[in-house]
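# Structural features, examined
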Amino acid sequence: MNIVKNKNYFVITTNVDGRFEASDFDNDKLFKVQGDFSLFQCSVPCRQETFYNEKQIREMIESRKDMKIPSELIPKCPYCGANMSMNLRSDNTFVQDKNWYEARDKYKSFLNTSQNKNILFLELGVGFNIPGIIKYSFWEMALKNKNSIHASIDLHNAFSPDSLENRSISINDDISKILEYIKG
């Protein structure tokens, strides 16, 4: 976080594990496009609404016996009574609530105000599992913006297309090691 602390930045991530929040990134500058493990949603889903789950998860952990939780602690939707599930894009039941759309709109606004300005499109550990969300869109935006640089850091698969050769950096190494080096 200290690396971007005084910078104009925005994070789009497919991670759902809360690591950006744990590292004190500004939540208003995060777009968690694939969901968030700190949220429940109706498994049906009967509504496009999510619910913070920390209290319920802690209660489940405290009440578990032999790695099982009491059935009365299985979270239920307050509207339809169906089981709750994690807010994770894994099928067509993924909930994109108002917070998801607000984060998407903030990300789009950041990109709009950054057009043709100096910008670094930095990929940290972005592989080819779902490349259309970050990797391909970063390449496309970097190609359109001649004032940009594309950087890819990944343990084994850092890559930039040949069309960005003069404005790209690809580093095959441990991300945490590289970030420590940058921090100085």
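Here the structure is a predicted model, which is why all the values come from computation and not from measurement. (Residues numbered from 1 in each chain as written. Predicted model: local features only at pLDDT ≥ 70, side-chain atom pairs only at ≥ 80, totals over all residues. Heavy atoms only, no water.)

Position of Thr 50 relative to the elements: it lies in strand β4 (residues 50–52). One polar contact links Thr 50 to Asp 97, side chain to side chain, over a distance of 2.4 Å. In this structure, Thr 50 is in contact with Leu 39, Phe 40, Gln 41, Asn 87, Val 95 and Asp 97, ignoring residues within four places of it in sequence. (Helix = DSSP H or I, 4+ residues; strand = E, 2+ residues; numbered from the N terminus. Polar contact = N/O pair within 3.5 Å; in protein donor to acceptor, adjacent residues only side chain to side chain. Contact = heavy atoms within 4.5 Å.)

Time to look at the sheet that holds strand β8 (residues 168–172). Taken in spatial order, the three strands make up an open sheet running β6-β7-β8, and their pairing is parallel. At either margin of the open sheet sits one strand with a lone partner, and together these are β6 (119–124) and β8. Taking the axes of each pair of neighbouring strands and ignoring which way they run, one obtains an average angle of 10 degrees across the sheet. Direction of pairing for β6 relative to strand β7 (residues 148–154): parallel, over a ladder of six bridges. Looking across to β7, one finds that Leu 124 is bridged to Ile 153. (Pairing = 2+ DSSP bridges. Axes fitted to C-alpha atoms, helices over the stretch in contact; angles between N-to-C directions.)

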